[in-house]
Structure formats: C-alpha cells, structure tokens
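Chain by chain, the residues run as shown.
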Amino acid sequence: MRKKSKLFKIKLLLFISIFLLVIGAWILVGITAKIDFNEIFTEYLILLICFMIVAIVVILIFTRIIRNFYKSNILELQITNEKLNNEITLRQNLETEILEGERKQALEVLKESEEKFRRIFETSRDLLFLTSIEGKILDVSQSASYLLGYTVDELKTMNIQQLYLDAGEREKLVQKMLEQGFVENIEIKGRKKDGTILNTLVTVTFIKDKFGKPVGLQGSIKDITERKQAEEELIVAKEKAEESDKLKSAFLANMSHEIRTPMNAILGFSELLTQSSQSDEKKIRFSQLIKERSLDLLRVIEDILDISKIEIGQMTLRESHTDIESLLIELFTYYRLRQENLRPDAKFNLLLNIDHSIKNFSILIDGQRLKQILMNFIDNAFKFTLDGSIELGCQLKGNDILFSVSDTGIGIPHEKQHIIFDRFRQADDSFASRRFGGTGLGLSIARGLSDLMQGKIWLTSEESVGTTFYFSLPYMQSENTNPEMTVNELQQNLCWNNKTFLIVEDDEGSAEFLSEILLITQASILNAYTGKEAINIFKANPMIDLVLLDIRLPDESGLNIAQAMKKIRPHVPIIAQTAYASN
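What comes next concerns the included structure. Residues take numbers from 1 onward in each chain, read along the sequence in its written order. Given that the model is predicted, a residue must reach a pLDDT of at least 70 before its local features are reported, and side-chain atom pairs must reach 80 or more before they are shown or counted; all residues, however, enter totals for whole chains, interfaces and linings. Neither water nor hydrogens contribute to the side-chain values; these are computed over all heavy atoms in the structure.

## Some details on the overall build of the protein
The helix and strand inventory of the protein stands at 14 helices and 16 strands. Classification of residues uses two cut-offs on accessible area relative to the type maximum, computed with a 1.4 Å probe and protein chains only: under 20% is buried, over 50% is exposed, and between them is partly exposed. In the protein, buried positions account for 33% of the 583 residues. Counted over contacts in the protein with a minimum sequence separation of 6, partners at least 24 positions apart contribute 62%. By element, 57% of the accessible surface of the protein is carried by carbon and sulfur atoms, the whole surface being about 38000 Å². A run of DSSP states H or I qualifies as a helix once it reaches four residues; a run of E qualifies as a strand once it reaches two. Both are numbered from the N-terminal end. Any pair of residues with heavy atoms lying within 4.5 Å of one another is described as a contacting pair. Per-residue and other accessible areas were derived by the Shrake-Rupley procedure at a 1.4 Å probe size, with only the shown protein chains allowed to occlude residues.

The structure is reproduced here in structure tokens:
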C-alpha cells in the first residue's frame, strides 16, 4: 500500500507540472506575441484540449514505463538482496563452523597441555610447588611425600618457611627474587618431617597478574643430599689422598734415613776392621756394632716386606704348638740383656707379669708372628719411655688370651690415638721434628697380623702418664706332641763327618757364609757357582747327601736344576734358598 500511494503522488505531481508548464508556455507566447487571448481562446481551446489529452496519454504511458522499470529494478534488488543475505548467512555459518572447530581444537590443545603439566606436576621426582607471596603452600606435587615425609594435604596447611632449616634463608631468597626477578639453583638446607636434614637446589619465579604485579611464587625443589654426600666423600678422599701422598713422602724420607743410618755404620766399621792398626778389643767392639746395625737394617727390610705382603693379602701364618710362658720369658730375657744397648740413657725397670693360669699353657698359633706383635709393642715402649717401668703381661680372659705391654712413657695425645695403627703414622708425624725414629710400620704390621689371627688390638693412653697396648686372641689349648730340641740337644746331633753337602750358589760371599755355618757339622762341602757346574758335580759325586740350591742362577733356573737332579737321584734331599723371600 505504501508503494502504491507513493506512485500515485508521483503521477499527480508530474501531471500538474506538465499542465502548468503548458499554461505557462502559452501565456508566455501570448505576451511575447501580444496576442489577444479572448479572440484566440475559442480558436485554440480545442487544440489545447487535444494537447492536454495527448499530454495525459503520454504521461500515463511514461508513468507505466517508469512503473514497470521500477518494478523490474525492485525485483532485481530484492533478488540481489536475497542472494546477498543468503551468501552472508552462508559465510557467517561457515565462519561460525571454522571458529567453533578452532575453538574446539584450541580447547583440546589446552586440555592436553593442562593434562601434560598435571602429569609432570604429579610424577616429577623434584618437588614442584605454588605458594602465596606470604609463603602459604597452595599446591604441591606428590613427590613431597617421599622427599619430605609430609602428605600433600599436610603441606597445604603449612607455610613453606616451616620447611627451611634456617627460617632466615627464605627472607634472603625473597630479597634476591625482588632484585633479580627469579632465583635458580640456590642451595638451601631443609628439614624433613622426621627432622632429617635435607640438602636441596631451589629454583623459584614469581606468578604475576595481568598488571605485572606478583601474586604468588612457583618453583621446584631438587634433593641433592646424596650428591652432597658424594661431594663431601670426594673431598675427604682427596684430602686423604693428599695426606697419604705427604705421608708417603715423609715415609720415604724417613725410610731413607732408617736404611742409611745402619748402612753407614756397617760400611764405616767394616772399613775400620780392615785397618791393621786397630786393637783386638776395638775389632771385637766394631764387629759387635756391625752385627747390631745389620740386625737394625734387617728389621727395616723385614718391616717393608711384611707390610707389603699384608697389603696385598699374601701374608700367611704357620701355626704350631707354642708354649706361651716360654715365649714370654724368651722375649723378656732378650730385652733385659739388650736394655742398656737399646736405651743407655733410660732408667726404667723391665717387668714380666704372667698369670698363674698361663703356666704350662700351649696353644696352636704362629709363634713367630705372635712374637713379632709383642716385639713391636715392646720396641714402641722402649722408644718412648725414659724412666718408670715397662711391663710385659699375659692372662686369660674368658675364651681369649690377653697380652699387654704397659709403659710409663710420654703417652699419646687423644687426637692421635685413632691414627696410631695406620701405616706410615706416628704420634709425631713430621719428618723434620720426628724425635724418636722408626719407620712408622711396626704398629700397622701388628694390626695386620692381629686381623690375620682373628684377634683384636687396641690401646689406652694418657699424656705424661703412659700407654698400654693390648692384644687379645681366641685360643684353643693343645698339647705339644712335638717339643722343640734344646740348643744342647741340637748341637749333640750335628756331627756329620760322614756326610757330603753340595752348595749351589752364584754369590761367592753367600757361598762362603753357608760353608762357614756348616763347618760345625764336620761334613764335606762341595761348591758350584752355575747350574751346569752343579749338574756335573752332582753326576760325578754319588756320595752327595744334601744339596743347598739357590733358586736364581746366572745360566739356569734353580727349579730346572732341581728337577734334573731328582731324575738322576730322586732320594737326595734338596733345600731351596733365595733372597726373593716375598716371591
């Protein structure tokens, strides 16, 4: 209806416009031509009416054309508008579908990311945490249960400051975060629920709102307790290695001194013995000193060999029936006779205290190694005692036999007592200030032998009062069915004037020494200096009763020579001898 009303108005306005235009044109023409309208009105009235009719028809036709054109345009516009609307709707639907798909995909990615983060959060071996600025724990990973001993629920009721060993550490950490914005791998000591100290590496960053204001803290705590212990052990091992290196250097310097001192005396007095101007009395004295210094040198060498065998596990025991009382009396007599030579400046009494239960007491043990342990104790007491007394004692304690050596010497400082059985160690360790000499191996050897015998060794000591060394040994009493011969009995059986011995030794000095020792037997002595010579002599002399054979000869192995001799005469005993005792 609105469209039709509008069209009518257009037609009416067009008609009036044309009419007025025609009337106006007519009047204008009349005025211009000075025409009398009354005269020509009638004449032109019919013409005017016709013109008006034609004008109306033209107007109607024109209006119709305009109307049809207008309708056609409106229809096209409606169709175009509908198409545009459909296309817009289709595009909007398509965009909506795309946006919905992207939103779903984004949600899936976000969900997967959240799940991944939650898995990491829950399964991480490191403790992950979220706290407020004030330190209240908001969330924490499951690893807290085995790392700290608390449950997650317990931790959510706590302030993280309660986990610090030193509460001030958190204030320092927050201050550093305010300065740098974060902290990374800061070492902090914590405390577990059971009170155990925990070494940790802490990394923390701020949680900020959209305005950049810190609203919380997030971070991780890594347990490095085992690593710190390993580092500390490594440091201790390094210090021990450095200390061991220093001790070895000091030991080598001291060993050089301990070897050179008796060696110089041996060489010096040996040189003096060759001088014809020396009196017999001096020669006897020099010979005695050479013997004593040789024994000192032998002790040093034996200590080195013994500690080496103990270290590599090649020390062996040779057990036999040993009378304890006789062994102790032998030791006491030995040191009693040598007391003036060992410590001429000392004024102490040497005492022997044997419990009555030890009388006629025999056990199965390596007597030489037991004697070596006790001699190390006694030598130590002689070295550090100037006056008072030194007492060698023995008694039964339950199933153990207890040996002891007590002295009234200078004593051992408490802080040095735990190292006194370590190799190369003495209470006075420095080479420059070491006043009492010795290799520092004696007590270490004693402990090694004690362990080998399944015994126990320890000491008690007080500075300026004295020291007591103890050695306890589980025992099984035995009867000695094969008592040792006395010296007199042995000497009575040494008359072998009808025997022949072959000494196979490439070193002339050693060969001469063995020959001199065997003179007491009155046996005939044959000497060979090479393996070939030994075989020839052995073949040529069927009366040989015994062979003393050096294992290492210049031309042939002593073992091969022994095998060859056994093939010739299997019944002849062969005694092997060598300087390579440790082999």
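There's plenty left to go through after this.
## Focus on the nonpolar core
The term nonpolar core refers to a set of buried residues drawn from Ala, Val, Leu, Ile, Met, Phe, Trp, Tyr and Cys, joined through side-chain atoms within 4.5 Å. Judged by nonpolar contacts, the single largest core of 46 residues is most densely connected at Ile-324, Leu-328, Leu-370, Phe-377 and Phe-403. Sorting elements by how many residues they give to this core places helix α9 (residues 367-384) first, with eight residues. Filtering out sequence-adjacent residues up to four positions away, Phe-403 remains in contact with Ile-324, Leu-328, Leu-370, Leu-374, Gly-393, Cys-394, Phe-469, Tyr-470 and Phe-471. Formed by 24 residues, the second largest nonpolar core is a distinct cluster that contains Phe-129, Leu-147, Leu-155 and Met-158.

## Observations concerning the pattern of salt bridges
By definition here, a salt bridge exists when the distance from a side-chain nitrogen of Lys or Arg to a carboxyl oxygen of Asp or Glu is within 4 Å. Applying the stated criterion across every chain, the model contains 13 salt bridges. Of the charged contacts, one joins Glu-231 and Lys-228 as a salt bridge, the two residues approaching to 3.9 Å between their closest N and O atoms. Within this pair, Glu-231 and its partner Lys-228 are both found in helix α6 (residues 225-273), separated by three residues, close to a single helical turn. Under the relative-accessibility criterion, Lys-228 is labelled buried at 19%. Via salt bridges that share partners, Glu-187, Arg-227, Lys-228 and Glu-231 belong to a single interconnected network.

## Remarks on the side chain of Gln-417
With respect to the helices and strands, Gln-417 occurs in the loop between β10 (400-407) and α10 (442-452). The definition of a polar contact used here is a pair of N or O atoms within 3.5 Å, where within protein one atom must be able to donate a hydrogen and the other to accept one, and adjacent residues in sequence count solely through side-chain atom pairs. One polar contact links the side chain of Gln-417 to the main-chain carbonyl oxygen of Ser-461, over a distance of 3.3 Å. Every residue in contact with Gln-417, bar those within four places of it in the chain, is listed here: Ile-412, Leu-459 and Ser-461.

## Overview of helix α14 (residues 558-568)
Each turn of an α-helix holds 3.6 residues, which means side chains three or four residues apart point in the same direction. For α14, every residue scored as buried is listed here: Gly-558, Ile-561, Ala-562 and Met-565. End-on, the buried residues of α14 take up no more than an arc of 100°, which puts them together on one face. Opposite the packed face of α14, turned more than 90 degrees from it, sit the exposed residues Leu-559 and Lys-567. For α14, the secondary structure elements touched by its buried residues are β13 (500-504), α13 (531-540), β15 (546-550) and β16 (574-577). Note that the arc is computed from the directions linking the helix axis to the C-beta atoms.

## With respect to the sheet that holds strand β14 (residues 524-528)
At least two DSSP bridges between two strands are required for those strands to pair. Spatial strand order, β14-β13-β15-β16: four strands in an open sheet with parallel pairing. Two strands lie at the open edges of the sheet, namely β14 and β16, each paired on one side alone. Across this sheet, the average inter-strand angle for adjacent strands is 20°, counted without regard to direction. For β15 and β16, the ladder comprises four bridges, and the chain directions are parallel. By the bridge assignment, Leu-548 is partnered in β16 with Ile-575. Only the stretch in contact is used when fitting a helix axis, every axis being a line fitted to C-alpha atoms; angles between N-to-C directions are given from 0 to 180 degrees. Where α13 meets the sheet, its contacts fall on β13, β14 and β15, and the angle it forms with β14 comes to roughly 145°. Contacts from α14 reach β13, β15 and β16, with the element oriented near 160° to β15.

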